[in-house]
Amino acid sequence: MEMVNITINGQKISAPAGITILKAAQQAGIDIPTLCNHPALSPTGACRVCVVEVEGQRTLITACTFPITDGLVIQTESPQVVKARKFILDMLFSERNHFCMYCQMSGDCELQNLGYRYGIDHWVFPTYTKGFPVDATRKYFLMEHNRCVLCGRCERACGTLVANHTLGLRNRGAKSMIHADANLTFGDSSCVSCGTCLQVCPTGALCDKRSAFMGRDEQTQHVKTTCSHCSVGCAMEIVTRGGNVMKILGDWDGAVNGGVLCQHGRFDPLYDERTRITSPLIRQKGKLVPANWDEALQVVAKRLGKADAKSIGVLASSNVTNEALYLLDKLFSKEMKVANVGLLNRAAPRLFEKPQGSLADIEKSDVILVVGADPVKDQPVASFLVKRTVDRGGRLIVVDGEDNGLAPFAYMHLPMADTGKAVEIAGRANNPVILYGTGAPEKTVNALKKLQGKAAFVALEQGTNTRAAVAFGFANGFKPSAVKTLFLLLGEQDGIGVEALEGIGKGAFIVVQASFASPLTEQADVVLPMAIWSERSGSLTNTEGRVQKVSKAVEPEGEAKADWEIISLLAEKMDKKLGASLEELSARATQNIK
Amino acid sequence: MSTIKTLEDLNKAAKRGLESIIPSKTKIMVGMSTSGLASGAQEVYDALAAEIKKRKLDVVLCKTSAMGMDCIEPLVEVIQPNRPRLAYSRMTAKKVPEVINQVAKGVVDGFKPTYRMDEEDYLCLNEKKPYFKGPLPNDVKDIPTISNVDFYKKQVKIATRNCGMINFESIDEYVAKGGYFSLYKALTQMKPEQIIDEIIASGLRGRGGGGFPAGVKWQTCRRAHGDIKYVLCNGDEGDPGAYMDRSVMEGDPHSIIEGMIIGAFAIGATDGFIYVRNEYPLAVANLQRALDQARAYGFLGNNIFNSGFNFDIKIGKGAGAFVCGESTALMTSLEGKAGEPRAKYIHTVEYGLWNRPSNLNNVETWANVPAIISRGAKWFSSIGCKNNSGTKVFSLVGKVNNIGLVEVPMGIPLKDIIYEIGGGIPGGKKFKAVQTGGPSGGCIPKSLEDISVDFDALWEAGSMMGSGGMIVMDETTCMVDIARYFIDFLEFESCGKCVPCREGVMRMNEILHDICGGKGRPGDIELLESMSKGIVDGALCALGSTAPNPVLSTLKYFRDEYTAHVRDKKCPAGVCKALIRFSVSDEKCTGCGVCLKKCPTECISGEKKKTHVIDQTECIKCGVCKESCKFDAIIVE
Ligand SMILES: Cc1cc2nc3c(=O)[nH]c(=O)nc-3n(C[C@H](O)[C@H](O)[C@H](O)COP(=O)(O)O)c2cc1C
Ligand code: SF4
Ligand code: SF4
Ligand code: SF4
Ligand code: FES
């Protein structure tokens, strides 16, 4: 990389040629204020807050867009610059209605911070002369136009990061308004409630309903973790205050998602209204009654200890950590020689022994084949990556049923029978990528294999930790008929009913490890209360095979314990010494997955 | 039509064209560009056709475009063998039989042509062809020649050389005027670098407003890296009241196309786009026809003139936003996105349309190119003044007698345009100022009427050349009101992307409205000045950074008018309604009662032959009384 020498505020700096003045300044620890700029979005130079003086230039220059060349001499806080910034802030503060007292963003607002920084202490122009609408039609967050500074971050986020293109600017000049689709209400629009715009908005214009007025950022803690809703494994931050989760943010450093989340990752967990199980339960005289951990584990250990390995069945949800799956496998399959183990969701067909691609390949591809998978429904952030690629001119071929969520974006939509045709087209591409899922039948799978070496392959697994579960052997056909004792690791899994118990004999003894009360826990003889996503540490394996950490942000509710911890305690009760530190378990689990 | 690959083919087309320009029989032409059509040219044309049919005359009836003098349209011109070309102005369907009578008889009697032309300039061929041989027929002797018409006397036509002279539907006529010979010369006898050198030597500067040397831009684009490059033509023309580019696109589309092909060859471009606003349907249609013709002749397409050079042009249509004339906004709009400017620190000649090297020039700039190639840089730079070669087309409008399109050599004194070409101010009023440069230009006061009209002098005077709007104002114009008018336009046209322009211009407009509305506050003028500075310094694109110009330039020359509005609550020109008061002069009123009858709110009272009185509480300051009073008895103060 060619380095050039520039001078900022008299300080000599060497930085790579062509990066913006803003980036060069940041690297040197010089703070140039910005508003419309966001590190995850391409700069547009709209707000003009970042103007600086560059020797030899006729007018002031926006630092966020100007590429550096050798010898630039820059002033970032000269009187002329400060005057220009104040003028812009004067304009912005009087443009709409910024009465910070009543704004949930107060304290965290980028505009307000700029106001303090440049001593904006009065309005130059009459303000509050016009009222702007508020649109609260969307479930999770609202649009308060009175606070919007028209920086366009939300529009860029929606368009370039999520490729959803819901947001746009309506009208011209001072009449400009952020709007959704053809000026629909946000609730009626094509918005998918991923909340990316909410996260990038610098002011109180986009306002999260759940966390509004619940405290300023400095009063909160941020914990980095991985989303456990689906197999993409988006990096995110849990924001807590006083032991409560306030909100979830996308982690801009996230390897897979680069900061983007979907509705299921960002909002749904905070709106989960199911009843938690807060203490172990044991069935006594036909009724489930609270017990302590020791008693509950004792009952389970005793039952398992007596049972014949052939009569024991294990069913696991994929929404549990690598560590839990590792221990489950170790305890039941390895130690107790139980062979009848199953997974609650289906896994995608295994095409190759070794990984043949990653999600990052999607954006490098020119043709994307989606076969028997519907990421819009099951792995939303992966669907954003696909749509982003389509925006950039990539061709999308969907081989699936009529209702596939990606169909509207596809350049070709084929039935499964025409896989051959799709394979032929992909074969002619430069960088094809194949995304396949549980919907791909064997014949199709064999057709796809022809592209080995040529294409990148990524399985889009259903569930969360399916990839790890399969690695631990949990995908084998589970036979309910022989089961007399069932260990059901249900976890947080939603949407699974009593049909999971179909075929299991009436008198079977059922142990359920779960976070929420459900018809399945009703059937149990022992219920072991499990911590949820925000309450446990460990790791998850995403659909590409990437092992990522999850971290506890708040204490488990009641007596609930982390998924792996429960199994570890159970093993101890059965005198099988599997217990070790989390680090050690993680290391061992990871080794097994690789 | 077969393709034209050789000089011989081209000459053949020229011969055909000449036969249709000056046919061996009578030819009648009607100016049918937008300005003609607006004044009723279609009706005249239909009447002519009907009359010719009725009388079974063997006459060619055809369309041409405007020659510039819009105030005398509809214009009908007659060419008859061995007679000068005659121009009948302000034609109506009623007058048609009379003109046809004269045509049938071959002599002028009765309704007189406005001017005659004895010869026609073939600029690109460097020759003049007479319309007749031998002596001038007697009946036309006292009709002035066009060069004696004040409006045309000082004009020099290069960019508009063919406007009104040829049928814009005929490529052959264009060729007959020397068209596409420059292209032939460029492609077969010149190297790209040579062409660029020629354009640089000619001193041609961009006519779209900035005045950037065209040849230098071409050179940078030629040197930029990339296999695919574009040449673009800016036909957006968003200035209110301006129609120079429209006239060329409608009247002589091939001159633009030829210029672009030459430019593309010089730059090494593969594709061209002409960006026109949808509000110019005739321009779009004429350009499209011309492109099809050029393609059919092989001037566009592959292996043009067997030179191995391939190039084609498409039309891109815009939705008529002023900001889309700005180069980066134009390119974003061509890409199919919302036409918003982008930060231009990376030049469009390197990263323009679809991030490829792109050379954008204005319609008029392109139209000059074939003339420069055929006549040479030396000839071109001999016209005009220092650092400002050639001519500039202006649309002359406002309070001036002759309204129309004028093409004058650069450096002409402003007063020549106003008093001679424009014929002075109507109604014996005094000239006050002229606004140039479009909405974000500035006003030049009477005291500077000797100013040389060129890029640099106008800029120094606080205005600019812009793309050629020229609005003349007389003493009844309020300069604060004018500033408000333009700022109003700019507020409306601001795209809203950047804060200084979006909010700043709106706030300036609010202040100006207040000042004109009698609500000016002390400090407003200074606030306007400091805001102007903020906007000039901070705006993203040139729309914003020049938007305060109307205020700055009127403040520079007419500050006293602002002070009168703000401090004394008076509008010296008597325009701003909130600041004026209508009353009746005791001395002058004869008590005739006309004003009383005309007043829409019936607030004038008075007995016959006695001084009338206006009820100030009811008066809406419409000024009808002043207009209707024959004795000038209504006082405005
Ligand atoms: C707001 C704005 C509007 C403009 N409108 C036009 C226009 O209508 N036509 C035009 O040729 N140039 C227009 N320009 C100038 C163009 O940006 C550009 O400089 C020009 O087309 C380059 O061609 P030239 O070098 O031949 O003049 C405009 C510039 C600005 C800032
Ligand atoms: S958006 Fe920011 S500046 Fe506006 S009211 Fe809210 S805190 Fe204040
Ligand atoms: S809603 Fe927020 S992000 Fe969007 S334009 Fe307004 S201030 Fe910017
Ligand atoms: S100066 Fe005006 S027109 Fe130009 S980008 Fe800014 S808002 Fe848009
Ligand atoms: S941060 Fe640079 S222009 Fe807005």
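Conventions used here
- Residues numbered from 1 in each chain as written.
- Chains lettered and ligands numbered in written order.
- Predicted model: local features only at pLDDT ≥ 70, side-chain atom pairs only at ≥ 80, totals over all residues.
- Helix = DSSP H or I, 4+ residues; strand = E, 2+ residues; numbered from the N terminus.
- Buried ≥ 20, exposed ≤ 12 C-beta atoms within 10 Å, placed from the backbone.
- Contact = placed C-beta atoms within 7 Å.
- Rg over C-alpha atoms; globule rule 2.2 N^0.38 Å.
- Domains from an automatic or database assignment.
- Near = placed C-beta within 6 Å.
- Nonpolar A, V, L, I, M, F, W, Y, C, P; charged D, E, K, R; others polar.
- Pairing = 2+ DSSP bridges.
- pLDDT = per-residue confidence, 0-100.
- Expected span 1.5 Å × (residues − 1).
- Bend = angle between axes of the 7 residues up to and from the residue.
- Axes fitted to C-alpha atoms, helices over the stretch in contact; angles between N-to-C directions.
- Parallel < 35°, antiparallel > 145°, perpendicular 65-115°, else oblique.
- Left-handed = near helix turned anticlockwise from the far one by under 90°.
- Arc of directions from axis to C-beta.

Things to note about the overall build of chain A
- A count of helical and extended segments in chain A gives 16 helices and 27 strands.
- Along the three orthogonal principal directions, the C-alpha set of chain A runs to about 85 × 55 × 50 Å.
- The proportion of buried residues among the 594 residues of chain A is 51%.
- When contacts within chain A are restricted to residue pairs at least 6 apart in sequence, long-range pairs at least 24 apart make up 68% of them.

Looking at the overall build of chain B
- Helices and strands together make up the secondary structure of chain B, namely 24 helices and 22 strands.
- Its C-alpha atoms give chain B a radius of gyration of 27 Å, within 12% of the compact-globule value 26 Å for 637 residues.
- The dimensions of chain B, computed from C-alpha atoms along their principal axes, are 85 × 65 × 40 Å.
- Relative to its full complement of 637 residues, chain B shows a buried share of 57%.
- In chain B, of all internal contacts separated by at least 6 residues, the share reaching a separation of at least 24 is 73%.

Quick notes on the domain arrangement of chain B
- You can read the domains of chain B as domain 1 (19-153), domain 2 (179-379), domain 3 (385-474), domain 4 (479-566) and domain 5 (581-636).
- The C-alpha-based centres of domain 3 of chain B and domain 5 of chain B are spaced at 37 Å.

Considerations on the site of ligand 2
- Surrounding ligand 2, one finds A:His98, A:Phe99, A:Cys100, A:Cys103, A:Met105, A:Ser106, A:Cys109, A:Leu111, A:Gln112, A:Arg147, A:Thr203 and A:Gly204.
- A per-class count over the shell around ligand 2 returns 6 nonpolar, 5 polar and 1 charged.

Things to note about the site of ligand 1
Residue and element names in this part refer to chain B.
- In the neighbourhood of ligand 1, 23 residues make up the surrounding shell, with Gly206, Gly208, Gly325, Asn362 and Ala542 lying closest.
- With 3 residues, the top contributor of residues to the shell around ligand 1 is strand 11 (residues 358-362).
- Formed jointly, the shell around ligand 1 draws a minimum of three residues from each of two domains, domain 2 (179-379) and domain 4 (479-566).

Considering the pairing of strand 6 (residues 119-122) of chain B
- Where strand 6 of chain B meets strand 7 (residues 127-130) of chain B, 4 bridges bridge the pair, whose relative direction is antiparallel. Following the sheet pairing, B:Glu119 is matched in strand 7 of chain B by B:Pro130.

Overview of the confidence of the model for chain B
- Across chain B, the average pLDDT comes to 93, with 99% of residues at or above 70.
- Model confidence for the complex is summarised by a pTM of 0.87, with the ipTM given as 0.84.

Looking at helix 22 (residues 549-566) of chain B
All names here are of chain B.
- Taking 1.5 Å as the rise per residue, helix 22 with 18 residues should run 26 Å; its terminal C-alpha atoms sit only 20 Å apart, a clear shortfall.
- The sharpest bend along helix 22 measures roughly 95° and falls at Phe558.
- Counting buried positions along helix 22 gives 14 out of 18 residues, so the element sits mostly inside the fold.

Describing unusual backbone geometry
- Backbone torsion omega between B:Glu73 and B:Pro74 reads -5°, so that peptide bond is classified as cis.
- The residue A:Asp575 is not glycine, and still its phi comes out positive at about 60°.
- Here A:Asp575 shows up in the loop between helix 15 (563-573) and helix 16 (582-593).
- The class for A:Asp575 is exposed, based on 8 C-beta atoms found within 10 Å.
- Positioned with a positive phi, B:Phe305 is a non-glycine residue whose angle comes to about 50°.
- Its location among the elements puts B:Phe305 in the loop between helix 12 (281-296) and strand 10 (312-318).
- For B:Phe305, a count of 23 C-beta atoms within 10 Å puts it in the buried group.

Side note on the sheet that holds strand 17 (residues 341-343) of chain A
Residue and element names in this part refer to chain A.
- Spatial strand order, 15-14-25-24-23-16-17: 7 strands in an open sheet with mixed pairing. Taken across any chain shown, the strands that pair with only one partner, and hence form the sheet edges, are strand 15 (287-290) and strand 17. Ignoring strand direction, the axes of neighbouring strands in this sheet form an average angle of 20°.
- Relative to strand 15, strand 14 (residues 281-284) is paired through 4 bridges, and the arrangement is antiparallel. For Leu281, the partnering residue across the bridge sits in strand 15 and is Pro290.
- Relative to the sheet, helix 8 (residues 322-335) contacts strand 16 (312-316), strand 17 and strand 23 (485-491), its axis offset from that of strand 16 by approximately 170°.

Considerations on the packing of helix 11 (residues 253-267) of chain B against helix 12 of chain B
Residues and elements named next belong to chain B.
- The geometry of helix 11 relative to helix 12 is characterised by a closest axis approach of 9 Å and an angle of 55° between their N-to-C directions. Looking at the two axes, helix 11 sits oblique to helix 12. Every pair of crossing elements has a handedness; the one defined by helix 11 and helix 12 is right-handed. Of the residues in helix 12, those touching helix 11 at Pro253, His254 and Ile257 are Asn286, Leu287, Ala290, Leu291 and Ala294.
- Along the lines of polarity and charge, the residues of the contact of helix 11 with helix 12 split into 6 nonpolar, 2 polar and no charged.

A word on the domain arrangement of chain A
- Domain annotation of chain A identifies domain 1 (3-77), domain 2 (129-271), domain 3 (281-347 + 467-538 + 558-593) and domain 4 (359-460).
- Just the C-alpha atoms count here: the centres of domain 3 of chain A and domain 4 of chain A sit 35 Å apart.

A few points about helix 4 (residues 96-105) of chain B
Residue and element names in this part refer to chain B.
- Among the residues of helix 4, Val96, Val99, Ile100, Gln102 and Val103 are the ones counted as buried. Within helix 4, the buried residues cover an arc of 155° as seen down the axis, which keeps them to one side.
- Close packing links the buried residues of helix 4 with strand 1 (27-31), helix 3 (41-54), strand 3 (76-79) and strand 4 (85-88).

Concerning the packing of helix 7 (residues 293-306) of chain A against helix 15 of chain A
Residue and element names in this part refer to chain A.
- For the pair helix 7 and helix 15, the least separation of the axes is 9 Å and the interaxial angle reads 60°. Taken together, the axes of helix 7 and helix 15 are oblique relative to one another. Here helix 7 runs over helix 15; the crossing is right-handed. On helix 15, the residues touching Leu297, Gln298, Val300 and Ala301 of helix 7 are Leu569, Leu570 and Lys573.
- A breakdown of the residues in the contact of helix 7 with helix 15 according to their chemical character gives 5 nonpolar, 1 polar and 1 charged.

Regarding the environment of A:Ile277
Residue and element names in this part refer to chain A.
- Among the structural elements, Ile277 can be located in the loop between helix 6 (263-266) and strand 14.
- Residue classification places Ile277 among the buried positions, given that 25 C-beta atoms sit within 10 Å.
- The spacing of Ile277 and Val49 is 228 residues in sequence and 52 Å in space, taken between C-alpha atoms.

Description of the sheet that holds strand 9 (residues 271-277) of chain B
All names here are of chain B.
- If you trace the 4 strands from one edge of the open sheet to the other, you get 10-9-8-11, paired in parallel fashion. Strand pairing shows two members of the sheet lacking a second neighbour, strand 10 and strand 11, which therefore form its edges. Each strand of the sheet is rotated relative to its neighbour by a mean of 20°, with strand direction disregarded.
- Set on the sheet, helix 12 makes contact with strand 8 (230-235), strand 9 and strand 10; between it and strand 10 the angle comes to about 165°.

Side note on the pairing of strand 9 (residues 177-180) of chain A
All names here are of chain A.
- Relative to strand 9, strand 8 (residues 167-170) is paired through 4 bridges, and the arrangement is antiparallel. Among the inter-strand pairings, Gly168 is bridged to a residue of strand 9, identified as His179.
- Connecting the antiparallel pair strand 8 and strand 9 is a turn made up of 6 residues, with Asn171 showing a positive phi of about 65°.

What to know about the environment of B:Thr3
Residue and element names in this part refer to chain B.
- Looking at the secondary structure, you find Thr3 in the segment before helix 1 (7-21).
- Judged by the 14 C-beta atoms lying within 10 Å of it, Thr3 falls in the partly exposed class.
- Counting along the chain gives 291 residues from Thr3 to Ala294, while the straight-line C-alpha distance between them is 9.2 Å.
- Once residues within four sequence positions are removed from consideration, Thr3 is found in contact with Tyr297 and Gly298.

A look at the environment of A:Leu585
All names here are of chain A.
- Positionally, Leu585 belongs in helix 16.
- The class of Leu585 is buried, set by 24 C-beta atoms lying within 10 Å.
- It is 22 Å that separates the C-alpha atoms of Leu585 and Gly463, two residues lying 122 residues apart in sequence.

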